[in-house]
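What follows is the residue order along each chain.
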Amino acid sequence: MNDSIETTKWQEREALERFRLISPLLDPEMDNSKRIQMRNNIAAQNEISTRTLYRYESSFRDNEFAGLKPVPKSGVHSHKLPENFDNLVKEAIQLRLEVPGRSVDQIITILELEGKAPLGVLKRSTLQRHMYKQGFGTKHLKVYSDARESSSKRFCKPHRMMLVQGDIKYGPILTINGKKVQTYLSSAIDDHSRMILSSQFYDNQEEIIVEDTFRKVILRYGKFDACYFDNGSQYIAKQLKLSLTRLGIRIRHARVRSGKSKGKVEKFHQVVDAFIREAKLKDITSVEELNRLWFIFLEEYYNKKPHDGIKEYYESIGVTIPKEGITPIQEFNRDKRPLTFISADTVAEAFLYHTTRNVDKGACISFKGKKYETKPALIGQVVEVAYDPLSPDILTISYPGIESFTAKPLKIGEYCDKNETLPISIQQAAPETSRFLDALEKKHEQSKKQLTDAISFASYRKEGGSHV
């Protein structure tokens, strides 16, 4: 009994060490050349072969944590079995993993053809029995395969802020000022800790609510590596992609009609349903009040309640957790991975919308039904307009060769002409005289004088000639 316990502990320790070695290599988005270089570095640092690391990775992908557990030696075998029988069983298991549909007879044939087993020594029943004992019988592999397809368990990122999942859910219908208002909940959840990084009800489901959600996440907790969305219109919008890309955040989308891939968010939405049932018992007449109660619910209940998913994750890698469990906020705060904060100005710039407008003859632009003053030098030009969709009255105007500036709303007095008012610098001034006619008159006087002088000179020459 004690030997069995010690063997199990040894297997778990070895599997944990192997997982530690290969965990940096398990990112599915890592470039293959980078993975090869990283594998070489890990092998050199730990004095093992890259082939061994590759075998660990393959075993983990096929059988998750269980695949990393070493197979204990089973002691003395029958004198009829070859001395290298343990290695032959391992080879047989590897052949079964490569092609789960291979029969034991086919596996024996391959081992014989490769010269690893003497002809006729391996018996189908014997090899099948040992493979079954180690969990690699045909039935075992079918169960594992079915579990990977149907189980709600999913691989969890090993650290916080490596992956953030987002989704939108219908909220309760509120009666506000006598009108029915449908609310929508936009949330962002940390894949590792399951902590809710940002979650808020809105009175619309436009893409702007998703941008607002993720902007708040970045401002509060810093930059994350990647985000995971479904294929809803809000999540494939160009602006969201631009904003996150500017900050170096990768975007991944679930496969179409693949609800299983959003398991963590769907599980969280069950908690949202519980809140909505409670919220219906209160007389909530504003979105602000709904969000106030929701914030309290998250902070005092969800984020501070032990999470079964966290327990499941650690059990799957053989780590013991406290009997009272681990809450999302505890798991997030205990993670040693540092948070990467970004300046508020950088975040704000990344989430700005950009469009263009023509500057009219009054040096103004039209934006969302309002007039904004720019500069006289921009009359007739096309300028770039940057704005925050949550504060659309503040516009930043940009044009090559001119320093960016904030456009001011055009103020219109109580009594005014319907025609556009030109800037003072280019308004018409009341003339005192016609400068054009004055100039012509001056030129005319000069012409007359020149003609008079010419006549006088001609007369002088004529008179002078008579004396010669």
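Every value quoted in this text rests on a predicted model; they were computed, and no experiment measured them.

Brief notes about the overall build of the chain
Here is step 1 of the chain: On a plain count of helices and strands, the chain comes out with 15 helices and 11 strands.
Here is step 2 of the chain: When each of the 468 residues of the chain is scored for burial, the buried share is 37%.
Here is step 3 of the chain: Once local pairs closer than 6 in sequence are excluded, the contacts in the chain between residues at least 24 apart make up 60%.
Here is step 4 of the chain: Carbon together with sulfur atoms contributes 52% to the accessible area of the chain, which is approximately 29700 Å² in total.

Describing helix H2 (residues 32–46)
Here is step 1 of the chain: Its 15 residues place the ends of H2 21 Å apart at the C-alpha level, agreeing with the 21 Å of an ideal helix rising 1.5 Å per residue.
Here is step 2 of the chain: What H2 keeps buried is the set Arg35, Arg39, Ile42 and Ala43. Across the axial projection of H2, the buried residues extend over an arc of 100°, all falling on one side. Turned more than 90 degrees from where H2 packs its buried face, Lys34, Ala44 and Gln45 sit exposed.
Here is step 3 of the chain: Phi turns positive, to about 55°, at glutamate 47, one or two residues after H2.

What to know about the pattern of salt bridges
Here is step 1 of the chain: Tallying each qualifying case throughout the model produces 14 salt bridges.
Here is step 2 of the chain: One salt bridge connects aspartate 273 with lysine 169, and the closest N-O pair in it is separated by 2.9 Å. With aspartate 273 in helix H10 (residues 263–279) and lysine 169 in strand S1 (residues 163–176), the pair connects residues that are 104 residues apart, well separated along the chain.
Here is step 3 of the chain: On the accessibility criterion, lysine 169 (17% relative accessible area) is buried.
Here is step 4 of the chain: The closest approach of N and O atoms between aspartate 225 and arginine 337, which form a salt bridge, is 2.6 Å.

Brief notes about helix H5 (residues 104–113)
Here is step 1 of the chain: Listing the buried residues of H5 in full gives Val104, Ile107, Ile108 and Leu111. Taken down its axis, H5 places every buried residue within 100° of arc, on the same side.
Here is step 2 of the chain: Looking at the buried positions of H5, the neighbouring elements they touch are helix H4 (85–98) and helix H6 (124–133).
Here is step 3 of the chain: One or two residues past the end of H5 sits glycine 115, with phi positive at roughly 80°.

Rules behind the numbers
Residues numbered from 1 in each chain as written. Predicted model: local features only at pLDDT ≥ 70, side-chain atom pairs only at ≥ 80, totals over all residues. Heavy atoms only, no water. Helix = DSSP H or I, 4+ residues; strand = E, 2+ residues; numbered from the N terminus. Buried < 20%, exposed > 50% of the residue type's maximum accessible area, 1.4 Å probe, protein only. Contact = heavy atoms within 4.5 Å. Areas by Shrake-Rupley, 256 points an atom, 1.4 Å probe, with all protein chains shown as cover. Expected span 1.5 Å × (residues − 1). Arc of directions from axis to C-beta. Salt bridge = Lys/Arg side-chain N within 4 Å of Asp/Glu carboxyl O.

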